Amino acid sequence: NAGVMQNPRHLVRRRGQEARLRCSPMKGHSHVYWYRQLPEEGLKFMVYLQKENIIDESGMPKERFSAEFPKEGPSILRIQQVVRGDSAAYFCASSPPSSGRGLDTQYFGPGTRLTVL
Amino acid sequence: SQQGEEDPQALSIQEGENATMNCSYKTSINNLQWYRQNSGRGLVHLILIRSNEREKHSGRLRVTLDTSKKSSSLLITASRAADTASYFCATVTSGSRLTFGEGTQLTVNP
């Protein structure tokens, strides 16, 4: 059973370009979470999705950032018109359907390191 | 202040010694989880302790949870150089989002 997969592992963009980050959850997992980690800091929650639904996007910047988790295919975190402050590691995590909210372990992918020049 | 604050920020010990890291939080939680992150890598889940549990063991790891003090500790016994990493606690409050602390950087010297 493969773990959470993210690609690309490293992404370099120039200011103003778009960044698309992909996450394939573990098999059988229907919940996906995106977190951002700035250098020397802990992870900060961005968004929580289930298939075709955004459940909690309270951690997402209001502009330029969007996320989706379609019925088929990976979850996508999209950053439009990137700026230098977007440079960070972006981690995806997944968890199985839970019997109670917030009771399940989240399994993390290796992350995508975005560098904005 | 931030939910899930680790203490100390950095810890350096000799191989074979025990390492203790503490985590404090501010709101009621469903569970608390500890993760390890090697430099430049993803997070590895270590252990989850539910709000109605007080202590949990997994190999060389021992986690305690004191909900009255809103604190948790992670003890690594008989440390190894390979334990060198950053350790984060993360709390789950309402919903499923994890709230991470800033982490403790553990260095185990051979």
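The structure contained in this document is the topic of the report that follows.

Conventions and cut-offs
- Residues numbered from 1 in each chain as written.
- Chains lettered and ligands numbered in written order.
- Predicted model: local features only at pLDDT ≥ 70, side-chain atom pairs only at ≥ 80, totals over all residues.
- Heavy atoms only, no water.
- Helix = DSSP H or I, 4+ residues; strand = E, 2+ residues; numbered from the N terminus.
- Rg over C-alpha atoms; globule rule 2.2 N^0.38 Å.
- Buried < 20%, exposed > 50% of the residue type's maximum accessible area, 1.4 Å probe, protein only.
- Contact = heavy atoms within 4.5 Å.
- Areas by Shrake-Rupley, 256 points an atom, 1.4 Å probe, with all protein chains shown as cover.
- Salt bridge = Lys/Arg side-chain N within 4 Å of Asp/Glu carboxyl O.
- Pairing = 2+ DSSP bridges.
- Axes fitted to C-alpha atoms, helices over the stretch in contact; angles between N-to-C directions.
- Buried area = accessible area lost by both parts, 1.4 Å probe.

## Let's talk about the overall build of chain B
Alright, step 1. What chain B contains, in helices and strands, is zero helices and eleven strands.
Alright, step 2. The order of helices and strands in chain B, counted from the N terminus, is β-β-β-β-β-β-β-β-β-β-β.
Alright, step 3. Computed over C-alpha atoms, the radius of gyration of chain B comes to 13 Å, within 12% of the 13 Å expected from 2.2 N^0.38 for 110 residues, which places it in the range of a compact globule.
Alright, step 4. The dimensions of chain B, computed from C-alpha atoms along their principal axes, are 40 × 25 × 20 Å.
Alright, step 5. Burial statistics for chain B: of 110 residues in total, 45% are counted as buried.
Alright, step 6. Of the contacts formed within chain B by residues at least 6 apart in sequence, a portion of 54% connects residues at least 24 apart.
Alright, step 7. Counting every atom, chain B has about 5,000 Å² of accessible surface; 43% of that belongs to carbon and sulfur.

## Focus on the pattern of salt bridges
Residues and elements named next belong to chain A.
Alright, step 1. All told, the structure shown has nine salt bridges over all chains when counted by the stated rule.
Alright, step 2. Across the salt bridge formed by D86 and R64, the nearest N and O atoms sit 2.7 Å from each other. Of the two residues, D86 is situated in the loop between β8 (75–79) and β9 (88–95) and R64 in the loop between β6 (53–56) and β7 (65–68); the sequence distance between them amounts to 22 residues.
Alright, step 3. Assessed through its relative accessible area of 3%, D86 is described here as buried.
Alright, step 4. One continuous salt-bridge network, built from bridges that share partners, spans E18, R20 and R78.

## Some words on the sheet that holds β8 of chain A
Residue and element names in this part refer to chain A.
Alright, step 1. Ordered by their spatial adjacency, four strands build an open sheet running β1-β3-β8-β7, and the pairing between neighbours is antiparallel. Looking at strand neighbours, the two that pair on one side only are β1 (5–7) and β7, the edges of this open sheet. The average undirected angle you get between the axes of adjacent strands in this sheet is 15°.
Alright, step 2. Both β7 and β8 contribute to a ladder of four bridges, which runs antiparallel. Paired with F65 across the two strands is I79, which belongs to β8.

## Digging into the sheet that holds strand β3 (residues 19–24) of chain B
Note: strands within a sheet are paired through backbone hydrogen bonds, in either parallel or antiparallel orientation.
Residue and element names in this part refer to chain B.
Alright, step 1. Strand order in the open sheet made by the five strands is β1-β3-β8-β7-β6, with antiparallel pairing throughout. In this open sheet, the two edge strands, each paired with only one partner strand, are β1 (5–7) and β6 (55–58). Taking each pair of neighbouring strands and ignoring which way they run, the sheet shows an average axis angle of 20°.
Alright, step 2. Taken together, the four bridges between β6 and strand β7 (residues 61–66) define a ladder with antiparallel strand orientation. By the bridge assignment, E55 is partnered in β7 with T64.

## Thoughts on the side chain of D83 of chain B
Residues and elements named next belong to chain B.
Alright, step 1. Tracing the backbone through its elements, the reader meets D83 in the loop between β8 (71–76) and β9 (85–92).
Alright, step 2. The class of D83 is buried, set by a relative accessible area of 7%.
Alright, step 3. In this structure D83 touches R60, I76, L106 and V108, once residues within four positions along its chain are discounted.

## Let's talk about the interface of chain B and chain A
Alright, step 1. In this assembly, 22 residues from chain B lie in contact with 23 residues from chain A.
Alright, step 2. Summing the contributions of chain B and of chain A, the shared interface buries around 1,800 Å²; its carbon and sulfur component is 48%.
Alright, step 3. The interface formed by chain B and chain A holds two salt bridges in total.
Alright, step 4. For K44 of chain A, the salt bridge goes to E102 of chain B, with nearest N and O atoms at 3.4 Å.

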